[in-house]
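# Report on the structure
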Amino acid sequence: MSAETSAAVPGQFTRRRLQFRAWRGRRPFWAGLYVMLGGFPIMYFPYAHIKFGQLTVAMATTAGAGSLIIGVLLVVLGLTLWFQQHVRVFAGVAAILLALVSLPVSNFGGFIIGFLLSLFGGAMAVAWSPDKSAGRAAAPADDDGAPEGGGSGTAHGAQESNDLSGTIPANGANGRHSAG
């Protein structure tokens, strides 16, 4: 390489990988993956015929439909964690409850594999919180570390409110909601 060689433009694979990495960082990705992976053994084992040499072990139980419902619900909750991350606490608690219910209903929760994966994924979903600092720009600070603008945090000297509607006069709104 010479000094005149420009930096390589990232290829399609690198660009897609970075896009996926950014997408994954904004949601409880691993929690959803564990919950989905926990749903598969729970719904698979009651219908499977496992062979050990010439011996066939049929795990068909009367609770086969219940196992299928629990497994499908866990997969749906895992997808919900990926695409609707604002309901992560509900989905996490529901995954934990379904994992606990799978113990007596579905062959000890898919031979404990599905139970542990779903329980761990549900706990991760409840514990996950979005990164609040990523969407906000840092305010420049004075020498003493306080933000500029009088030390109160706002330009008008008033205390910062918790109004998230965007209709407070400090935001330049007149109190009316816009329709577009």
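Our subject is the structure that appears above.
These numbers come from a predicted model, not from an experiment.

Let us look at the nonpolar core. Grouped together as the largest cluster of nonpolar side chains are twelve residues: Ala 31, Val 35, Ile 42, Ile 70, Leu 74, Leu 77, Leu 81, Ala 91, Ala 94, Ala 95, Leu 98 and Ala 125. For this core, the elements supplying multiple residues, two or more each, are helix H2 (29–44), helix H3 (64–83) and helix H4 (88–105). Excluding residues that lie within four positions of it along the chain, Ala 91 makes contacts with Leu 77 and Leu 81. Of all hydrophobic cores here, the second largest spans five residues; its members include Phe 29, Met 36, Met 43 and Val 75.

One non-glycine residue, Ile 112, adopts positive backbone phi at about 70°. Along the chain, Ile 112 turns up in the loop between helix H5 (107–111) and helix H6 (113–127). Judged by relative accessible area, Ile 112 falls into the partly exposed class, the value being 37%.

Reading the values: rules and limits
Residues numbered from 1 in each chain as written. Predicted model: local features only at pLDDT ≥ 70, side-chain atom pairs only at ≥ 80, totals over all residues. Heavy atoms only, no water. Core = buried A, V, L, I, M, F, W, Y, C linked by side-chain atoms within 4.5 Å. Buried < 20%, exposed > 50% of the residue type's maximum accessible area, 1.4 Å probe, protein only. Helix = DSSP H or I, 4+ residues; strand = E, 2+ residues; numbered from the N terminus. Contact = heavy atoms within 4.5 Å.

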